[in-house]
Amino acid sequence: MQLRNSSSRYGAVSIFMHWSVALAVFGLFALGLWMVGLDYYSPWRKEAPDLHKSIGLTLFAVMLLRVVWIWFSPAPPALASYSRATQIGAKLGHGFLYLGLFAVMIAGYLISTSEGVGIPVFGLFEVPALISNLPDQADVAGVVHLWLAWAVVVFAGLHGLIALKHHFIDRDATLVRMLGRKA
């Protein structure tokens, strides 16, 4: 399989980033829902948020690389069978997923740095607190983080269902291109 995207399918780098991001998003969402229910005496009370933050910051880096990668290796063009509405919907949907993910991660960063303390990443290094002590920073960012996380996960689920619709109902190459196979 080629590393870069071609005119007919995605390359290994795009495929790896796509599925890694999907796994991280759903994993972070599940971890986030689980960790907010932990009580004071849980041994995971500190470790779960630290893990959530470390994975979230890693995801942020991967998303930045993904945006840069799109410049070097543009996505294959839309299939000829797509209507204009489908093409516009795909662009808007992907745009929402990208912007929504970045917004969720920025809100998470603002929650974590609201008291001026940096964020350790897997104990290897620390991301500094560049923005802190804004009025109600943690509370406002927390509400944004929660609701946008729900929106991104629901929308990502719809994205997956639409890919399955393209595969099983429309019988086009939408899904197989992201699996690295030829149409």
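Look above for the structure.
So, here's what we can say about the structure. Keep in mind that this is a model prediction, so the values were computed, not measured.

## Describing the layout of surface pockets
Using a probe with the size of a water molecule, rolled over the atoms, empty space left in the structure can be pinpointed. Put simply, the second largest pocket is a space of about 1,000 Å³. Along the wall of the second largest pocket there are 37 residues; nearest its centre are Met35, His52, Gly108, Ile111 and His145. Counting only elements with at least two residues in the lining of the second largest pocket, the list comes to helix H1 (12–35), helix H2 (44–72), helix H3 (84–112), strand S1 (119–121) and helix H4 (137–168). The greatest single-element share of the lining of the second largest pocket, amounting to 9 residues, is contributed by H2. A breakdown of the residues in the lining of the second largest pocket according to their chemical character gives 23 nonpolar, 9 polar and 5 charged.

## What to know about the packing of aromatic side chains
Across all of its chains, the model carries 5 aromatic pairs by this definition. Between tryptophan 34 and tryptophan 44, the aromatic rings sit 5.9 Å apart at their centres with planes inclined by 70°, giving edge-to-face as the arrangement. Of this pair, tryptophan 34 sits in helix H1 while tryptophan 44 sits in helix H2; the two residues are 10 residues apart in sequence, bridging distant segments of the chain. Here phenylalanine 60 and phenylalanine 102 contribute two aromatic rings whose centre-to-centre distance is 5.6 Å and whose plane-to-plane angle is 90°, an arrangement assigned as edge-to-face. With a gap of 42 residues between them, phenylalanine 60 in helix H2 and phenylalanine 102 in helix H3 connect regions that are remote in the sequence.

## Focus on unusual backbone geometry
Phi angles above zero are rare outside glycine, and asparagine 133 is one such case at about 60°. Summarising the element assignment, asparagine 133 is placed in the loop between strand S2 (125–127) and H4. Classification of asparagine 133 as exposed rests on a relative accessible area of 62%. Of note, aspartate 136 is a non-glycine position whose phi angle comes to about 50°, a positive value. Topologically, aspartate 136 is positioned in the loop between S2 and H4.

What counts and how
- Residues numbered from 1 in each chain as written.
- Predicted model: local features only at pLDDT ≥ 70, side-chain atom pairs only at ≥ 80, totals over all residues.
- Heavy atoms only, no water.
- 1 Å grid on protein atoms, 1.4 Å probe; cavity = no way out; pocket = protein on both sides within 12 Å on 5 of 7 lines; lining within 4 Å.
- Points joined across faces, edges and corners; volume = space filled by probe spheres on them.
- Helix = DSSP H or I, 4+ residues; strand = E, 2+ residues; numbered from the N terminus.
- Nonpolar A, V, L, I, M, F, W, Y, C, P; charged D, E, K, R; others polar.
- Phe/Tyr/Trp six-rings, centres within 6.5 Å; stacked < 30°, edge-to-face > 60°.
- Buried < 20%, exposed > 50% of the residue type's maximum accessible area, 1.4 Å probe, protein only.

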